[in-house]
Amino acid sequence: MAKLLKNREILLVLAIIALVFAIALRFPGFVAPANLARVYNDTSILIILALGQMAVILTRCIDLSMAANLALCGMVAAMINAAFPGVPIPLVILTVVALGAALGSINGLLVWKLDIPPIVVTLGTLTIFRGMIFLLTNGAWINAHQMSDAFKALPRAPLIGFPVLSWLSVVAIAAVYILMTRTPIGRAFFAVGGNPYAAVYTGIDVGRTRFFAYCLSGGLAGLAGYLWVSRYAVAYVDIAAGFELDIIAACVIGGISIAGGIGSVGGAVLGSLFLGVIKNALPVINISPFAQLAISGTVIIIAVAVNARTEKRKGRVILKKAEAV
Amino acid sequence: MAELNLSPRVIPDRLQSRGSRALKSWESLLLVVAVLIFAINSFASPYFLDPWNLSDATFNFTEKAMIAFAMALVIIAGEIDLSVASIIALSSTAMGLAVTMGADTPTLVVVGLGTGLLCGAVNGLLITGLGLPSIVVTIGTMSLFRGLSFIILGDQAYTGYPASFAYFGQGYVWWVFSFEFALFAVFAVIYSVLLHKTNFGRAVYAIGNNQTAALFSGVRVGRVKFILFLLTGLMAGIASICLTSRLGSTRPSIALGVELEVVTMVVLGGVSILGGSGTIPGVVLAAFIMGMVTFGFGLLNVPGIVMSIFIGVLLISVIALPILWARARRRVAH
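Bear in mind that the values here come from a model prediction, so they are computed numbers and not experimental data. Throughout, a residue's number is its position along its own chain's written sequence, starting from 1. As they are written, the chains are lettered A onward and the ligands numbered 1 onward, keeping that order. Confidence filtering applies because this is a predicted model: local features only for residues at pLDDT of at least 70, side-chain atom pairs given and counted only at 80 or more, and all residues used for totals across whole chains, interfaces and linings.

(A) Structural detail: the interface of chain B and chain A. Facing the 45 residues of chain B at the interface are 39 residues of chain A. Looking at the side of chain B that touches chain A, the elements that each hand over two or more residues are α7 (134-153), α11 (211-216), α12 (221-247), α13 (258-268) and α15 (304-333) of chain B. Numbering of helices and strands runs from the N terminus; a helix is a DSSP stretch of H or I covering at least four residues, while a strand is a stretch of E covering at least two. At 13 residues, α7(B) tops the list of elements feeding residues into the side of chain B that touches chain A. By the convention adopted, Pro, Cys, Tyr, Trp, Phe, Met, Ile, Leu, Val and Ala count as nonpolar, Lys, Arg, Asp and Glu as charged, and the other residues, Gly among them, as polar. In terms of residue class, the side of chain B that touches chain A is built from 33 nonpolar, 10 polar and 2 charged. With C-beta atoms placed from the backbone, a contact is any residue pair whose C-beta atoms sit within 7 Å.

(B) Expanded view of unusual backbone geometry. Residue Asn138(A) is not a glycine yet carries a positive backbone phi of 60 degrees. For Asn138(A), the location among the structural elements is in the loop between α6 (118-137) and α7 (149-153). Even without being glycine, Asn301(B) reaches a positive phi, approximately 65 degrees. One can find Asn301(B) in the loop between α14 (280-299) and α15.

(C) Seen up close, the packing of helix α4 (residues 62-76) of chain B against α13(B). Residues and elements named next belong to chain B. What counts as an axis is a line fitted to C-alpha atoms, over the stretch in contact for a helix, and the angles between N-to-C directions run from 0 to 180 degrees. The geometry of α4 relative to α13 is characterised by a closest axis approach of 9 Å and an angle of 65 degrees between their N-to-C directions. Between α4 and α13 lies a crossing of right-handed hand. Contact with α4, carried on its side by Lys64, Ala65, Ile67, Ala68, Met71, Ala72 and Ile75, involves Val258, Glu261, Val262, Val263, Met265 and Val266 of α13 and no other residues of that element. Rotating anticlockwise by less than a right angle from the far helix to the near helix defines a left-handed crossing, while the corresponding clockwise rotation defines a right-handed one.

(D) Structural context of the packing of helix α4 (residues 66-83) of chain A against α6(A). Residue and element names in this part refer to chain A. Interhelical geometry of α4 versus α6 gives an angle of 20 degrees and a closest axis separation of 8 Å. Compared by their axis directions, α4 and α6 come out roughly parallel. Between α4 and α6 lies a crossing whose hand is left-handed. Where α4 abuts α6, its residues Ala68, Asn69, Ala71, Leu72 and Met75 lie against Leu126, Phe129, Arg130, Met132, Ile133, Leu136 and Thr137. Here the contact of α4 with α6 is composed, by residue class, of 9 nonpolar, 2 polar and 1 charged. By the definition adopted for this analysis, an angle is roughly parallel if under 35 degrees, roughly antiparallel if over 145, roughly perpendicular if from 65 to 115, and oblique otherwise.

(E) Representation of the confidence of the model for chain A. Residue and element names in this part refer to chain A. On average, chain A scores 86 in pLDDT, and the residues at 70 or more come to 93%. Each residue gets a pLDDT score, which is the predictor's confidence in that residue and runs from 0 to 100. Within chain A, no element has a lower average pLDDT than helix α15 (residues 320-324), which sits at 43, and none a higher one than helix α11 (residues 206-232), at 94. Predicted confidence for residues 315-325 stays below pLDDT 50, and this span has 6 contacts to residues more than four positions away or in other chains.

Structure representation (structure tokens):
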């Protein structure tokens, strides 16, 4: 039992259940299965993005450009649809996933080939990607009436009782889970983050692994870009502005160590769900939506403090006194 | 930010003379770039070489540069503070709140500085007290501080600052020299002395180069870092007073994205993002360059978001170019 309680994923599941029940005590409607399915659906995009961010953070990097990448890909999807409504939607999705992966590969190349610190690279590409949306559109919006019905309907379309959006996130979770646990590149993400020096000696190319992590996060951001734009039926320069913080928050809450090497797909999903439940509960318990930013900030800080404590216990502490200063 | 460096460290057997080192330094390169940009701007627009226009141009960088001085010290010590723009927002909100309670100008200044210091202390305590990585902590406080402004203000705005409060952002000390510019110059001197002439400054370099070695040499690493975050908070508070006074109003979205420009300014100034090296004169030159470029773009009617693309490209290329340059030279040497 004590061992079970130390498991981070189980703790998170308990925390989420406790949170949901606390809300349900005052608003029983919140735990209705239909509403819980709606909360999951609303969190799907965050889950998809957190999976990509997890891969990047595992390799000791960070991707601050994901939300900007999402916005750019979403805008391109909307522009393709507005200009050529006949193009089949799966082709549009494939295009933006490829575009997202290409944008991610720019981050990856700069980190791999030029050894520029990831935070600087992605801070830079964050503004560049957003600026490119402005250059593409001159600041114009693409509104619902310019998008074809098929474009808008796909994420909402029901499939065995749930919307396609929810199913897509389930597929993404399964795919990334297999990638992380059953393929050499997935294991390399952990190896590179856990100990880059040791990874080199085991024959893993650290830079190349990081490059793939950025391609993955970029591709998932591209997918999320289409989903975001079609779900909210509008595309403009500032969509998902600041969302990169929510993605990182979801990862940190999910126990993915910012120092690399520690984390799991389950953690990323649960961290996203934790944020999703809070976000959906705020209007129910009558807290202003303006409070959301402060709440995510507080949750990030608490989560990173908790993570640091559990990680410290795991590692060997040499020079105990020196570390305490 | 643990970085992987597998190349052997090269120790030159013959040190260069002081003069040739000064000529080859990053700062002299910046000086050349600054002069070039100045010349290009004067050709591109007939309005550039006017003392009052140039004075207006300084407002593009003075507030950010004041934060950049403190940020330079933080980055040299191997940490980073991404929450500065949110500290500006929170102090501005606190001052706006004080105005609605009938505060006078001196009280407003105290409120602005106090909020900045408090935010810096929160960062410092979390980072040095709990030993958390500064990048995550300040990403967290970045949304926390701005989130607090949103809770207090919502979609409202504070205006109605007293007339005497306008001096900090709109007043002139002498002829074309604004109060902000004078403050910028004073802080440039203070931070140069602090970083280059005091024990504290040496400690900052020591921590950035090797924290463990610094600790064993008797440097109080935790205390120095805490003071650095306190200073950054204070400078953000000062910048907030200037910006609020200049705009005459407060919205929760004030100074959005400024942290990026401050970090770019510091890195452009030759401060290594990995810590351990950099100078204040470099940051001063970088401030002038960024201010003149954005002002020149403004005279040519380039929209703000295009300037931000430019800043993003600048940030990446400024770090990439020396790396490519060193690589090319190594290839020639072999």
